[in-house]
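Spelled out, the chains give:
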Amino acid sequence: MNSLLPRRRRSGPEGEPAVRTDFAGALYGSLLAASVVATASTVGDFPRLQVMALLLVTGVVFWAAHVYAQLAGERVVGRRIGWSDVRAVGRHEWPIVEAAVLPAVAVVVSPLLGLGVDGAGWLGLAVAIAQLVAWAFVGALHAGASRTQAGIEGMGNLILGLVLVAAKAALGH
């Protein structure tokens with residue numbers, strides 16, 4: 001069963017980790033969500049529900065594309081793809097969709113914080129970048145990296161997020 005925080009046994013054969021850590025979907029989905037918020041809020045003042053819908057629909061479309069690409073790209077000659085394969089890959093790639101949820105919620109609840117449409121875009125972007133950094137850090141720790149290594153990975157993802165902040169600012173929002 002796939003989980004963003006899979007259980008980890010102490011060790012596998014020859015001291016290797018027993019559980020594969022794969023946070024790629026959560027990282028990719030967070031970067032995708034940040035990109036959607038940054039661009040959606042720069043091309044016009046979308047109402048909050050439209051930005052929320054853009055986040056969720058984009059997450060689902062990219063999830064479906066990843067599922068299809070994984071199934072089509074990993075075919076074994078002479079072996080048919082069954083529904084169990086589709087379900088397994090779908091579960092594995094689901095964090096792409098999950099990563100869109102918190103930024104979408106942030107955009108929708110932004111009026112409760114007294115934020116206008118522009119502020120909602122910045123809040124959604126901040127949430128997406130925060131989870132991008134957090135997933136990089138947690139994923140690195142879960143894979144056995146030191147706190148320093150995990151911090152470096154988190155900082156690398158923060159730089160990616162700041163590129164989106166700069167793009168959003170340069171485009172006038």
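Residues numbered from 1 in each chain as written. Predicted model: local features only at pLDDT ≥ 70, side-chain atom pairs only at ≥ 80, totals over all residues. Heavy atoms only, no water.

This brings us to the environment of Leu-132. Structurally, Leu-132 can be placed in helix H5 (residues 117-142). Ignoring sequence-local partners within four residues, the contact set of Leu-132 consists of Leu-27, Ser-30, Leu-31, Asn-157 and Gly-161. (Helix = DSSP H or I, 4+ residues; strand = E, 2+ residues; numbered from the N terminus. Contact = heavy atoms within 4.5 Å.)

This part takes up a nonpolar patch on the surface. A cluster of nonpolar side chains, contributed by Leu-49, Leu-56, Val-101, Val-105, Val-108, Val-109, Leu-112 and Leu-113, occupies part of the molecular surface with about 690 Å² of accessible area. Taking the relative accessible area as the measure of exposure, Val-108 reaches 31% and is therefore partly exposed. (Patch = residues over 30% accessible without salt bridge, like charges linked within 9 Å, V, L, I, M, F, W, Y side chains within 5 Å. Areas by Shrake-Rupley, 256 points an atom, 1.4 Å probe, with all protein chains shown as cover. Salt bridge = Lys/Arg side-chain N within 4 Å of Asp/Glu carboxyl O. Buried < 20%, exposed > 50% of the residue type's maximum accessible area, 1.4 Å probe, protein only.)

Put simply, the chain has an average pLDDT of 85, and 84% of its residues get 70 or more. Taken element by element, the predicted model of the chain shows its lowest mean pLDDT in helix H1 (residues 24-40) (90) and its highest in helix H4 (residues 95-109) (95). Low pLDDT, under 50, characterises residues 1-12; the stretch is placed with 26 contacts to residues that sit more than four places away or in other chains. (pLDDT = per-residue confidence, 0-100.)

A word on the side chain of Ser-110. As for its position among the elements, Ser-110 is in the loop between H4 and H5. In terms of polar contacts, Ser-110 uses its side chain to reach the side chain of Arg-48, at 2.7 Å. Reaching out from Ser-110, the side chain makes a polar contact with the backbone oxygen of Val-107 at a distance of 2.7 Å. Other than its neighbours up to four places away in sequence, Ser-110 contacts Arg-48, Leu-115, Ala-120 and Leu-123. (Polar contact = N/O pair within 3.5 Å; in protein donor to acceptor, adjacent residues only side chain to side chain.)

Put simply, H1 and H5 touch, their axes get as near as 8 Å, and they point 165 degrees apart. Here H1 is positioned roughly antiparallel relative to H5, judged by the angle of their axes. Classified by chirality, the crossing of H5 by H1 is left-handed. Along the contact surface, H1 presents Ala-26, Leu-27, Ser-30, Leu-31, Ala-33, Ala-34, Val-37 and Ala-38, while H5 presents Gly-121, Gly-124, Leu-125, Ala-128, Ile-129, Gln-131, Leu-132, Trp-135 and Ala-136. In terms of residue class, the contact of H1 with H5 is made up of 13 nonpolar, four polar and no charged. (Axes fitted to C-alpha atoms, helices over the stretch in contact; angles between N-to-C directions. Parallel < 35°, antiparallel > 145°, perpendicular 65-115°, else oblique. Left-handed = near helix turned anticlockwise from the far one by under 90°. Nonpolar A, V, L, I, M, F, W, Y, C, P; charged D, E, K, R; others polar.)

A separate point is the nonpolar core. Within the largest apolar cluster, 16 residues are counted, with the highest numbers of intra-cluster contacts made by Ala-34, Val-51, Leu-55 and Leu-125. Listing elements by their share of this core, those giving two or more residues are H1, helix H2 (48-73), H4 and H5. Sort the elements by how many residues they give to this core and H1 lands first, with six residues. Other than its neighbours up to four places away in sequence, Leu-125 contacts Ala-34, Val-37, Ala-38, Leu-164, Val-165 and Lys-168. (Core = buried A, V, L, I, M, F, W, Y, C linked by side-chain atoms within 4.5 Å.)

This paragraph deals with the packing of aromatic side chains. Summed over all chains, the structure comprises three aromatic pairs. Ring centres 5.8 Å apart and planes at 40 degrees place the aromatic pair Phe-23 and Trp-135 in the tilted group. Taken together, the residues Phe-23 in the segment before H1 and Trp-135 in helix H5 connect sequence positions 112 residues apart. When sorted by exposure, Phe-23 lands in the same class as Trp-135, which is buried. Plain terms: the ring middles of Tyr-28 and Phe-62 are 6.3 Å apart, the flat faces sit at 45 degrees to each other, and that makes the pair tilted. One end of the pair, Tyr-28, is in helix H1; the other, Phe-62, is in helix H2, and 34 residues separate them in sequence. A relative accessible area of 33% means that Tyr-28 is categorised as partly exposed. Its relative accessible area of 30% is what places Phe-62 among the partly exposed residues. Above the ring of Trp-122, the side-chain terminus of Lys-168 is found at 4.6 Å from the ring centroid. (Phe/Tyr/Trp six-rings, centres within 6.5 Å; stacked < 30°, edge-to-face > 60°. Lys NZ or Arg CZ within 6 Å of the ring centre and 35° of its normal.)

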